[in-house]
Amino acid sequence: MLRKNLSAHKLAYYIWTIMVPLIIISGVFMTIGIAPFGNHNLLISDLSTQYLQFFAELRRELLHLSFPSYSFLISIGDSLVPIYSYYLLSPLNLIIVFFRPAQLPIAIDLIIWMKIILCSVSMSIFLGKKYQSYDFMGICGGLAYGLCGFVAMYFYDLMWLDALIWLPVMVYGLEKLFYRNKGGIYVIGLVAIILTNYYMGYIICVFAIIYFAYLMKQSQPIRQPFFQHIKAHSRKVSQFLWYSLISGMLAAVVLIPTVVAMLSTGKKDISLTNFLLKGTFGPSFAVNLGGGGNDFAGRLVHNPSLFTGSLFIIGAVAYFFSRKIKLRNKQAAGILLGSILIGMWLLPLNTFWHMMQQPAGFPFRMVFLFSFALIMVAYEGYLKGVFAERKVILWSAIGIGAALLIGYVTANLFQQKWIHLNFRFLN
């Protein structure tokens, strides 16, 4: 009877995991009037200048079953492989064959709509599977992930959203590999990420190393030095490296021709100025702990889009001050979140994380990893009773409020400082 009740509870959880983001995301699209729920579309920035044209060509190739590796439609002629591997390998792109060329904006809107919902579903299922807890907070965690600051800022670069869908799968697989010596799900998740977008695949491969260090730290006995712990578990390290290598080899069908094509471009050039030892943002970044810290006008240059829902941000801060959380878990969470934050802030690490290049606009493309880790840590704290410690939650909320205030003041002062340096051309 208990097993039947548990199965019914899990089934209800999975149903609501789908229904809640479906209803909310659809409601957002209806409110804004985005097609097919309204008369507007999302053709802004790269979506209108690049994706629409690439999708039109992909639709033509799919309908004619012709996939050339070279095309004269690109400048005076160039390889199509990098375009396929960066923009077009998402399985959800197959939706475009059911729409006429004039209806492609509607198809693109639907693809974005589906991807945001799938991001939420994937995260909620991950939280349920990882912690064996199937409650409404897990659904809220998925929704916070699907609507995090990264998605709000970069949803129109829709090829990146596939990585957010597969990330929870890959991490769950990495945990199964670490604890149960089963690497199948890890390989499937990582290969899917690399195949759908090699750029995000590279970023998540770096994260996989950090997450493995997090798992090692979390399992470390209290009095055992960390490097001695790694040495004692060298088999786990070897397994991680081996299955990661297998994933890379399975994805080589895309990676090798892409690398060969990119070597003929400026991507192979490395600027030493991108490795100067300095920070990439100042105290004003704290405004992104609240909503509205960034907007479309500042999409090319802005602070990292950290916002992941106030509930989870406060819960993550409270995690580190709660007496209900073991010191070792706090240290492991500190490694996980701290590595991502420092990786965004320190320019050499930031450059390394962006494939040895500074991005031409749309910075901090790995910030969704911070949102993922923050939700996971906050949810773990919730399950361990952190939210029942009212004083800890209260002081955490006050701390976040103070950080927001400092961020707003700093951002305003910085903006005012540069207003006086604007050049004016007089007639």
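As the structure is a computational prediction, the values presented were derived from the model and not from experiment. Each chain has its residues counted from 1, following the order in which its sequence is written. Selection of residues for local features in this predicted model requires a pLDDT of at least 70, selection of side-chain atom pairs for listing and counting requires 80 or more, and totals for whole chains, interfaces and linings are taken over all residues. Remark: hydrogens and water are excluded; side-chain values derive from all non-hydrogen atoms of the structure.

A.B. asks: Can you help me understand the overall build of the protein chain in this one?
C.D. replies: A run of H or I in DSSP counts as a helix once it spans at least four residues, and a run of E counts as a strand once it spans at least two, with each numbered from the N terminus. Each helix and strand counted, the protein chain has 17 helices and two strands in total. What you see for the protein chain is a C-alpha radius of gyration of 22 Å, in line with the 22 Å of a compact globule of 427 residues. In terms of its C-alpha atoms, the protein chain occupies a principal-axis envelope of roughly 65 × 65 × 45 Å. Only heavy atoms matter for contacts: two residues are in contact if any of them lie within 4.5 Å across the pair. Look at the contacts in the protein chain between residues 6 or more apart in sequence, and 73% of them connect residues 24 or more apart. Reported accessibility uses the Shrake-Rupley method at a 1.4 Å probe radius. Residues are deemed covered only where the shown protein chains occlude them. As displayed, the protein chain offers around 21400 Å² of accessible surface, 69% of which is attributable to carbon and sulfur atoms. We score Asp and Glu as negative and Lys and Arg as positive, and we do not count His or the chain ends. Charge placement uses NZ in Lys and CZ in Arg. For Asp and Glu, CG and CD serve respectively. Within the protein chain, one finds 32 positive and 13 negative side-chain charges whose respective centroids are separated by 15 Å. Throughout, the radius of gyration refers to the C-alpha atoms, and the reference size of a globule is 2.2 Å times the residue count to the power 0.38.

A.B. asks: How should I be thinking about the pattern of salt bridges in this particular structure?
C.D. replies: Side chains that carry opposite charge are capable of pairing whenever their charged atoms lie near each other. We define a salt bridge as a side-chain nitrogen of Lys or Arg found within 4 Å of a carboxyl oxygen belonging to Asp or Glu. With the rule as written, the count across this model stands at four salt bridges. The salt bridge involving D162 is made with K115; its shortest N-O contact spans 2.4 Å. Of this pair, D162 sits in helix α7 (residues 161-180) while K115 sits in helix α4 (residues 104-131), placing them 47 residues apart in sequence. K115 shares its class with D162; the two are buried. Across the pair K130 and E175 runs a salt bridge, and its minimum N-O distance is 2.5 Å. Within this pair, whereas K130 is found in helix α4, its partner E175 is found in helix α7, the two being separated by 45 residues in sequence. For the pair K130 and E175, a shared accessibility class is recorded, and that class is buried. The classification of residues rests on relative accessible area computed with a 1.4 Å probe and restricted to protein chains. Under 20% of the type maximum is buried, over 50% is exposed, and intermediate values are partly exposed.

A.B. asks: Looking at this structure, how should I read helix α13 (residues 310-319)?
C.D. replies: Three- or four-residue spacings in an α-helix give side chains the same orientation, since the helix completes a turn every 3.6 residues. For α13, the buried fraction is high: seven of the ten residues fall into the buried class. For α13, every residue scored as buried is listed here: F312, I313, I314, G315, A316, A318 and Y319.

A.B. asks: Would you explain the packing of helix α8 (residues 184-196) against helix α9 (residues 198-218) in this entry?
C.D. replies: How two helices sit against one another is set out by the angle between their axes and by the gap between those axes. Orientation of α8 relative to α9, taken along the N-to-C sense of each, is 145 degrees, at an axis distance of 5 Å. Listed contacts from α9 to Y186, L190, I193, I194 and T196 of α8 are Y198, M200, G201, I204, C205 and A208. Polar here means any residue other than Ala, Val, Leu, Ile, Met, Phe, Trp, Tyr, Cys and Pro, which are nonpolar, and Asp, Glu, Lys and Arg, which are charged; Gly is therefore polar. A class-by-class count of the residues in the contact of α8 with α9 yields nine nonpolar, two polar and no charged. Note on geometry: axes are C-alpha line fits, over the in-contact stretch for helices, and angles between N-to-C directions span 0 to 180 degrees.

A.B. asks: How should I be thinking about the nonpolar core in this particular structure?
C.D. replies: Nonpolar side chains in soluble globular proteins tend to end up buried together. F150, L167, M170, F207, Y211, L369 and F372 are the most contacted members of the largest nonpolar core, which totals 117 residues. The element best represented in this core is α4, accounting for 15 residues. Put simply, a nonpolar core is a bunch of buried Ala, Val, Leu, Ile, Met, Phe, Trp, Tyr and Cys residues held in one set by side-chain atoms that sit within 4.5 Å of each other. Y13, Y134, I139 and L143 belong to the second-largest nonpolar core, a separate cluster that totals five residues.

A.B. asks: How should the packing of aromatic side chains be read in this particular structure?
C.D. replies: Two aromatic rings, taken as a pair, are described by how far apart their centres are and by the angle between their planes. Stacked, tilted and edge-to-face are the three classes applied to pairs of Phe, Tyr and Trp rings, where Trp contributes its six-membered ring and a pair requires centres within 6.5 Å; stacked means planes under 30 degrees apart, edge-to-face means over 60, and tilted covers the rest. Per the stated rule, a full pass over the model turns up 35 aromatic pairs. A ring pair is formed by Y145 and F372, whose centres lie 6.0 Å apart and whose planes are at 70 degrees; its orientation type is edge-to-face. Of this pair, Y145 sits in helix α5 (residues 136-146) while F372 sits in helix α16 (residues 367-383); the two residues are 227 residues apart in sequence, bridging distant segments of the chain. Of the two residues, Y145 and F372, neither departs from the other in class, the shared state being buried.

A.B. asks: Which parts of the structure should I look at to understand the state of the cysteines?
C.D. replies: Linking two cysteines covalently via their sulfur atoms produces the bond known as a disulfide. When the sulfur atoms of two cysteines come within 2.5 Å, that pair is taken as a disulfide. Across all of its chains, the model carries zero disulfides by this definition. Of the cysteine sulfurs around C119, a residue in no disulfide, the closest is that of C148, at 7.8 Å. Free cysteine: C205, not disulfide-bonded; nearest cysteine sulfur from C119 at 18 Å.

A.B. asks: Looking at this structure, how should I read a nonpolar patch on the surface?
C.D. replies: A surface patch of nonpolar side chains, amounting to about 900 Å² of accessible area, comprises L11, I15, W16, I18, M19, I23, I24, V28, I32 and L147. Topologically, M19 is positioned in helix α1 (residues 2-32). For patch detection, residues must exceed 30% relative accessible area and be free of salt bridges, and they are connected within 9 Å for like charges or within 5 Å for nonpolar side chains (Val, Leu, Ile, Met, Phe, Trp, Tyr).

A.B. asks: I'm lost on the side chain of E175 in this one. Help?
C.D. replies: Overall, E175 belongs to the buried group, its relative accessible area being 8%. Not counting chain neighbours up to four residues away, the residues in contact with E175 comprise K130, R180, Y211 and L215.

A.B. asks: Looking at this structure, I do not really get the side chain of S371. What am I missing?
C.D. replies: Locating S371 in the fold gives a position in helix α16. Residue S371 is classed as buried on the basis of its relative accessible area of 0%.

A.B. asks: Quick question: what am I supposed to make of the confidence of the model for the protein chain here?
C.D. replies: In regions of low pLDDT, the predicted coordinates are not meant to be interpreted in detail. Residues with a pLDDT of 70 or more make up 92% of the protein chain, whose mean pLDDT is 89. Within the model, pLDDT remains below 50 along residues 416-427, and this stretch shows zero contacts once partners closer than five positions in the same chain are excluded. Per-residue confidence from the predictor is reported as pLDDT, a score between 0 and 100.

A.B. asks: Looking at this structure, I do not really get the environment of E57. What am I missing?
C.D. replies: Structurally, the position occupied by E57 is in helix α2 (residues 46-64). Sequence separation of E57 and F67 is ten residues, and the distance between their C-alpha atoms is 9.9 Å. Within the local environment of E57, its side chain forms a polar contact with the side chain of R60, the two groups lying 2.7 Å apart. Polar contacts here mean pairs of N or O atoms no more than 3.5 Å apart (in protein, one a potential hydrogen donor and the other a potential acceptor; neighbouring residues in sequence count only if both atoms are side-chain atoms).

A.B. asks: Any chance you could explain the packing of α5 against α16 here in plain terms?
C.D. replies: Their axes nearest at 10 Å, the elements α5 and α16 cross at an angle of 165 degrees. Looking at the two axes, α5 sits roughly antiparallel to α16. Like other packed secondary-structure pairs, α5 and α16 cross with a definite hand, here right-handed. For the pair α5 and α16, the contacting residues are M137, G138, G141, A144 and Y145 in the first and F368, F372, I375, Y379 and Y382 in the second. Tallied by class, the residues present in the contact of α5 with α16 amount to eight nonpolar, two polar and no charged. Roughly parallel refers to an angle under 35 degrees, roughly antiparallel to one over 145, roughly perpendicular to one between 65 and 115, and oblique to any angle outside these ranges. Two helices crossing with the near one rotated counterclockwise from the far one by less than a right angle form a left-handed crossing, whereas a clockwise rotation gives a right-handed crossing.

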